[in-house]
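Structural description and commentary
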Amino acid sequence: MRVPLSWLKDYVALPANPADLIDRLTLAGLECEGVQVFGVPVPAGLRVKPEDQTPVWDRDKIVVAKVISIEKVPGADKLKFVTVDYGAAEPKRVITGAPNISPGESGMKVILGLRGCRYYFQNPKKPDEPKSVVTLEPRKLMGHDNDAMCMSNFELGIAEDHDGIILLDESDPAPGTPLADVLGEVVVDLAVLPNMARCLSLLGVAREVSALTGVPVSEPDLSFPASSESVAGKVKIEIADPQLCRRYAAAIIRNVTVGRAPRWMQSKVQYAGMRPITNAVDVTNFVMLEFGQPLHAFDYDVLVKRAGGKAPTIAVRPAKPGETLKTLDAQVRELSPDDLLIADAAGPIALAGVMGGLETEVTDTTKTILLEAANFDPVAVRKTARKFNLFSEASTRFSKGLHPEIVKSAALRACQLFQRYAGGEVLTGLVDNYPAPIPLQRVELKRTEIERLLGIPMPDGEVERILTALQFRIESTPWGWSVTSPPTRLDIQVGAADLIEELARVSGYDRLPETLIADEVPAPRMDRPLELEEHVRDLLADAGLQECITYSLTSQEAEEKLALDSSRNCNTYVTLLNPVSPDRSVLRQSLLPGLLEVARRNLEVTDSVALYEIGVVYLSQGDQALPAEPLRLTVLLSGRRTHAAWDDPQGEKPSAFDFYDVKGLVENLLADLHLQIDISVDVSTPHLHPGRSASLQVDGRTCCNIGEVHPKVAEAFGLAGKSILVAEFDLGYVLGKVPERFAYKPFSTHPPAKRDLAVIVPAETPAEKVQTEIIAAGGDLLTAVALFDVYTGDSIPAGTKSLAYALTYQAPDRTLGDKEIDKIHGKIEGRLKHVLKAQIRGKD
């Protein structure tokens, strides 16, 4: 919410320094996202980005001027001589090409920039170049001297439009007045959270300021002279579903003159972030910004024509299948029953709360306006806005929730402004259909409850001051107060806790004193699953991996990139009823797509990644209301194995991660968790390379798949040509198998003895199977087995391979002799020959 401070001052007196105000608002829950400064020095204490401040408008060089005469420049189609009174002894003649003034006109007030002033300039021959700040210097135009200029919004930095120069009102200050006193502004951009939707209005922010500073709010007077003719019978309102539209009020204003809104209104609307258009549009936008209630103006005569010359009937209803509407942006929208419509007997005329229809819009020829002020269901508006990508100031306010009680006040304020600034004649009364009033919340607030929740008592006077300033009605009771919520708020839902939050927020969280807990701190409870999960994180970090946290929300298309067969039946996804975007419409079933996306982005700027993520996935459980949420761990390696170094061999490709890196990492992780594993070839995981993948089992159940991502899957994720190694754990199962206690034995102080053993076995025999037999035969004195060579070639029979192992023998209580070692070594050789039919190289 962009809040021009000069506009906010119309309702409440502000602190002298805006920085103090911003600090108080931020602490009260209205965080300042930025500040823009127009034409005035940056107030002390404010941090303003350079791009958010204009050059200071010099008080003696940029001033108000009054046009005395306008003449055509001879020989020029667009240039004009403008003679102005700018408060000096003599008038000044300047040359301008502004399209919004014409020869022969006079009397209007403009902004005059004199020699030496600084302004924004855009080279028309180079529109792609950024605008720059230049200093006005004398130069000749069409052979005529010129040392001043009539200034536009663009040149002053107020807006980007080049439609013409700024035209002030007769009521604006006299010629010679510094422009900084007229249009100088500080605009504060406030982040308004959903529970503070009331602050999407200047009056809502003013009430907050009033509560924070103790200064009363001055609300606008809604009185105006109305016609003796009543609005009754001129229009009928029908509401199909009171839950979709709680209130709809309509007013009729006749004999309007559509034209330019007063300058002060244009400035306020513009500084608040909206573009001034005509008085008809600017009035509705002004009131929306002031009260927070969106309005819409229809051409009443068009509605009468559509009704066959009779009084129109306005219906608020869901769209019918097949209906269409051409909206104000000239786009034809295909509607569905999920879209809430404003319609008449001839069909749709507006998307409720989102955008009006083109046929019934107010134009320069409109003479009678039907003004709509309504309260629409926030979910219906949000769905339609997202469906058509039509997000606006109005749809934003409706989608956050508005109280229907503000409808009438906003409608009367708009009628008043139409009467004053469009020459309108307002018919007496409103056609107000209000089938579903929201009762005001009544809450019992106890002194003891305030102290219980805040930890300190709060003086009665302070409680009453804050609640009264926030427009709550309070009645004293023996135990505290009976409090009624104001008709602008929907967020008082939990009762006393909501009110006490308001007291703490306005009083100042920073002012709450530190207090000690009255009770003893309970002894900490051990959370074994969480501790084990953190232990896994430590182990992976020690191995050099970086943790990632990716979105739980994804799209089905992103996840199905893992499936090579597009006809594969994927599990039912858990879908969101109201997704933020199509890319965040389902809950993930795997961590891998998110990690692959992270890897793709990182490999664009580096040559190696080593990542992991721990998180839950969401698996549908058929008819059950909630999905299963198993804990998963995914590891991803890609790129060079080691960091680049100065002594890397020139011209040689550095060694890259391969299958055995991820296999070794997984084996070390599970060994650190004291788990015994079995490993087998895996060809069933579709997104892994069938010849370079394996599965690991703990207690007979597969708990991890490792391997290289299939090249087609890698290509689908933008990683074509890259080797991506992954490991996917069922971490919940793994952690459940970690033993609570581990058996340790003392290490031997006697020297070990090492022997090598090379065996020839069939090529299909896993090395792990050979190692298992070696360990079984070696007994307690065999303390380590390590495979250090695999050979296939001409010196051994076809269809076989040679596996070489380093064996370590060691006794806990003595030094082993050669005979004892030879005996154990022979036993191992004998077992390998008998069980695996292996040949011992060098002996057989």
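Before reading further, recall that the structure is shown in the block above.
In what follows, the accompanying structure is described. All values derive from a computational prediction rather than experimental measurement. (Residues numbered from 1 in each chain as written. Predicted model: local features only at pLDDT ≥ 70, side-chain atom pairs only at ≥ 80, totals over all residues. Heavy atoms only, no water.)

Turning our attention to the sheet that holds strand β17 (residues 313-318). An order of β14-β17-β20-β21-β22 is seen for the five strands of this open sheet, with the pairing classed as mixed. Looking along the sheet, the strands with just one partner apiece sit at the ends: β14 (236-239) and β22 (355-356). Two elements, strand β21 (residues 347-351) and β22, share two bridges in a ladder whose sense is antiparallel. The partner of L351 across the bridge, within β22, is M355. (Pairing = 2+ DSSP bridges. Helix = DSSP H or I, 4+ residues; strand = E, 2+ residues; numbered from the N terminus.)

Turning our attention to helix α2 (residues 18-27). Restricting attention to buried positions, one finds in α2 the residues P18, A19, L21, I22 and L25. Taken down its axis, α2 places every buried residue within 160 degrees of arc, on the same side. The secondary structure elements touched by the buried residues of α2 are α1 (5-8), β2 (31-38), β13 (185-191) and α5 (202-213). Near the N-terminus of α2, the side chain that reaches the backbone nitrogen of A19, with its oxygen 2.9 Å away, is that of N17. (Buried < 20%, exposed > 50% of the residue type's maximum accessible area, 1.4 Å probe, protein only. Arc of directions from axis to C-beta. Contact = heavy atoms within 4.5 Å. Polar contact = N/O pair within 3.5 Å; in protein donor to acceptor, adjacent residues only side chain to side chain.)

Next up on the list: the side chain of Q270. Examined against the element boundaries, Q270 turns out to sit in helix α6 (residues 263-271). Setting aside chain neighbours within four positions, we find Q270 in contact with R2, N153, I158, A159, D161 and P276.

So, about the sheet that holds strand β40 (residues 800-809). Pairing between the strands of a sheet comes from backbone hydrogen bonds, and it takes one of two forms, parallel or antiparallel. The four strands lie next to each other as β39-β40-β38-β41, forming an open sheet whose pairing is antiparallel. Edge positions in the sheet fall to β39 (782-791) and β41 (839-840), since each of these pairs with one other strand and no more. Set on the sheet, helix α21 (residues 767-778) makes contact with β38 (753-762), β39 and β40; between it and β40 the angle comes to about 35 degrees. Against the sheet, helix α22 (residues 818-836) touches β38, β39, β40 and β41, its axis set at about 15 degrees to β38. (Axes fitted to C-alpha atoms, helices over the stretch in contact; angles between N-to-C directions.)

Before going further, it helps to examine the nonpolar core. Side chains of nonpolar character tend, in soluble globular proteins, to be buried together. Ranked by size, the top nonpolar core spans 89 residues in total, and within it L8, L445 and I450 carry the most contacts. In this structure, V231, V235, A319 and A352 belong to the second largest nonpolar core, which totals 37 residues. (Core = buried A, V, L, I, M, F, W, Y, C linked by side-chain atoms within 4.5 Å.)

Taken N-terminus to C-terminus, the directions of helix α9 (residues 378-388) and helix α10 (residues 393-400) make an angle of 140 degrees; their axes are 7 Å apart at the nearest point. The orientation of α9 with respect to α10, classified from their angle, is oblique. Handedness of the α9/α10 crossing: left-handed. Between α9, through P378, V381, R382 and A385, and α10, the contact on the second element is made entirely by S395, F398 and S399. For the contact of α9 with α10, a count of residues per class yields four nonpolar, two polar and one charged. (Parallel < 35°, antiparallel > 145°, perpendicular 65-115°, else oblique. Left-handed = near helix turned anticlockwise from the far one by under 90°. Nonpolar A, V, L, I, M, F, W, Y, C, P; charged D, E, K, R; others polar.)

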